[in-house]
Amino acid sequence: MAVTSGPSVSLEQPRAIAAPRSAWALSWPLLFGLAVFVFLNNRTGLPLLADPDTHWHITVGNWILTHGSVPTTDSYSYTFTGQPWIAKEWLSQVLLALAFNLGGWGGVTALAAAAIGLTFALLPRLLMRDIRPLPALLFTVAALAMTTPHMLARPHMLVLPLVLMWVAGLVRAVEQRRAPEPLLLAVMLLWANMHGGFTLGLVLAGAFALDALVGARDAAERRTLFIAWAKFGVAALLAACITPYGPESILVTVRIFGFGEVLGIIAEWRAPDFQKQPMQELVLLVAVYLALSRGLKLPLVRLLIVIGLLHLFLRYARNAELLAMLAPLAIAPLLARQFPSIAAEPRAQGRFAKLSRPAGPAALAACLGLAGLMAGLLIGLGRIAPPADNAPSAAIAFARDAGLATKRVFNHYGFGGYLISAGIPTFVDGRGELYGGDFIKRQAEAVALRGEEQLEVLLDRYAVDWTLLMPNQAANRLLARLPGWRRAYSDEAATIFVRDR
């Protein structure tokens, strides 16, 4: 087979599935994605609104809309104000801000749910290019179980459809012995402006390029592939630098991983806890059982890619969706060759096969209309709001009435996002790349009453006037005994101590 750039096939519908016979023909991937969308659009806004960083993402997005530019220095904290800082996910932040401005928290929920629903409609469709509908469904359900704990209204969820298209395009290029399609460069361009994880996309492009070279049939083909993939790699790197900050977004990712063990202080950067997430452990155990019992064999480079994704998840729980969605895309063509019984058929037959065909335009329009109607109703109710454990609104209202909002606060890390949205300069918040590992570690250890720097010393050094912490945090017990400090407010979400001047 000659090595050429070839026609665009990386994102096309699977050849194994016939076109729908009716404009009203339904598709189970579409129904699956719609079901996920409906499940996430509930009256509580959970789990999507369970993360405090959503607050500051929206605030930054509105700043960008107001000023018509992107920030380059910090203006949200008093500890690092004026220091260099970039909104590397600026495009996602703008989208979140627009959704909030148009529909409040219901709009934010609808936007995130739509991205996730699209992701779970797209994943099985991409898998069915190589394998039959039933194993594609099983992979999709497993991915849903793995991903649910990290479903949040944040940039990493908005970008998931792009991640799937990127990896699916790389895999298809390797399988067809050619370079990836130029269309993928547009995917990288969007990804680089929406989420910092695009750096992993560049690494995966290099890994699949190596896979293509190792799998070449002869020296001539290997040389041709090397040139083609090298051109694509350079173009992808250039596309990733087309942001308001140029290549600075890549350097931010490097700085975050330079935190080392300090990352473990931040919940989403910890290793997965299978006692709290047993479904994730079950999915991994079933996958290991099937791979060993069926004698699955993967080429070396593809195996290393899967192991790398597994390592990222076992090291950082936030990478569950990467393992759950990208590993199946990487191995689906190999499964089809090694186990012909699950390979996609030229013409699918039966009732389930009919539901596996692409949806007709009328059915697609009806599903989109239903989703829009549901989102509109929930937005109209106006009752969706973040939980109090990351939005201590009553405590902040008290702080404003007491004249504390303009003074220096020592806050719980998880309250930082809400403080930013309330216009109160923070001690620390979720922008870890701004504060650095040492600062975050000192703050966390002071709250827990451990570490080298005592809490009272830290409070004096930064001239803190009041504290905003969770009620059960150890620092509150010490503050209750410290001279010059008094408890001014407490509820189930937050406790405020004030320094007597």
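For the structure itself, look to the data block above.
Overview of the structure.

1. Considerations on the nonpolar core
Ranked by internal contacts, the top residues of the largest apolar core, which has 93 residues, are Trp166, Leu170, Phe208, Trp229, Leu326 and Leu329. A total of 14 residues in this core trace back to one element, the largest contributor, which is helix 3 (residues 90-127). Each residue touching Leu326, except ones within four places of it in the same chain, is listed here: Val163, Leu164, Val167, Leu204, Leu309 and Glu321. Membership of the second largest hydrophobic core comes to 42 residues, among which are Ile256, Leu434, Tyr462 and Phe497.

2. Here we look at the sheet that holds strand 2 (residues 466-469)
If you walk across this open sheet you meet the 4 strands as 1-2-4-3, and the pairing is mixed. The sheet terminates laterally at strand 1 (409-411) and strand 3 (485-490), the two strands that pair on one side only. This sheet shows a mean twist of 20 degrees between the axes of neighbouring strands, independent of strand direction. Helix 16 (residues 393-401) rests against strand 2, strand 3 and strand 4 (495-499) of the sheet, and its axis sits at about 125 degrees to strand 3.

3. Brief notes about the packing of helix 2 (residues 53-67) against helix 3
Look at helix 2 against helix 3: their axes get within 7 Å of each other, and the N-to-C directions meet at 110 degrees. Taken together, the axis directions place helix 2 and helix 3 in an arrangement best described as roughly perpendicular. Counted together, Thr54, His55, Trp56, His57, Ile58, Val60, Gly61, Asn62, Ile64 and Leu65 of helix 2 and Trp90, Gln93, Val94, Leu96, Ala97, Leu98, Phe100, Asn101, Trp105 and Val108 of helix 3 form the full contact between these two elements. A class-by-class count of the residues in the contact of helix 2 with helix 3 yields 13 nonpolar, 7 polar and no charged.

4. Side note on the pairing of strand 4
Most of strand 4 sits inside the fold, with 5 of its 5 residues counted as buried. Residues Thr495, Phe497 and Arg499 point to one face of strand 4 and Ile496 and Val498 to the other, with burial holding for every one of them. Where strand 2 lies against strand 4, 4 bridges are found, and the strand directions are antiparallel. Residue pairing in the sheet places Leu469 in a bridge with Thr495 of strand 4. Looking at chain direction, strand 3 and strand 4 are connected through 5 bridges and run antiparallel. When the sheet's bridge partners are listed, Tyr489 is paired in strand 4 with Ile496. From the end of strand 3 to the start of strand 4, which pair antiparallel, there are 4 residues.

5. Regarding a nonpolar patch on the surface
Judged by side-chain polarity, Met279, Leu282, Val286, Tyr289 and Leu290 come together as a nonpolar surface patch covering roughly 480 Å² of accessible area. When you line up the elements, Tyr289 lands in helix 11 (residues 278-293). You can call Tyr289 exposed: its relative accessible area is 55%.

Conventions adopted
- Residues numbered from 1 in each chain as written.
- Predicted model: local features only at pLDDT ≥ 70, side-chain atom pairs only at ≥ 80, totals over all residues.
- Heavy atoms only, no water.
- Core = buried A, V, L, I, M, F, W, Y, C linked by side-chain atoms within 4.5 Å.
- Buried < 20%, exposed > 50% of the residue type's maximum accessible area, 1.4 Å probe, protein only.
- Helix = DSSP H or I, 4+ residues; strand = E, 2+ residues; numbered from the N terminus.
- Contact = heavy atoms within 4.5 Å.
- Pairing = 2+ DSSP bridges.
- Axes fitted to C-alpha atoms, helices over the stretch in contact; angles between N-to-C directions.
- Parallel < 35°, antiparallel > 145°, perpendicular 65-115°, else oblique.
- Nonpolar A, V, L, I, M, F, W, Y, C, P; charged D, E, K, R; others polar.
- Patch = residues over 30% accessible without salt bridge, like charges linked within 9 Å, V, L, I, M, F, W, Y side chains within 5 Å.
- Areas by Shrake-Rupley, 256 points an atom, 1.4 Å probe, with all protein chains shown as cover.
- Salt bridge = Lys/Arg side-chain N within 4 Å of Asp/Glu carboxyl O.

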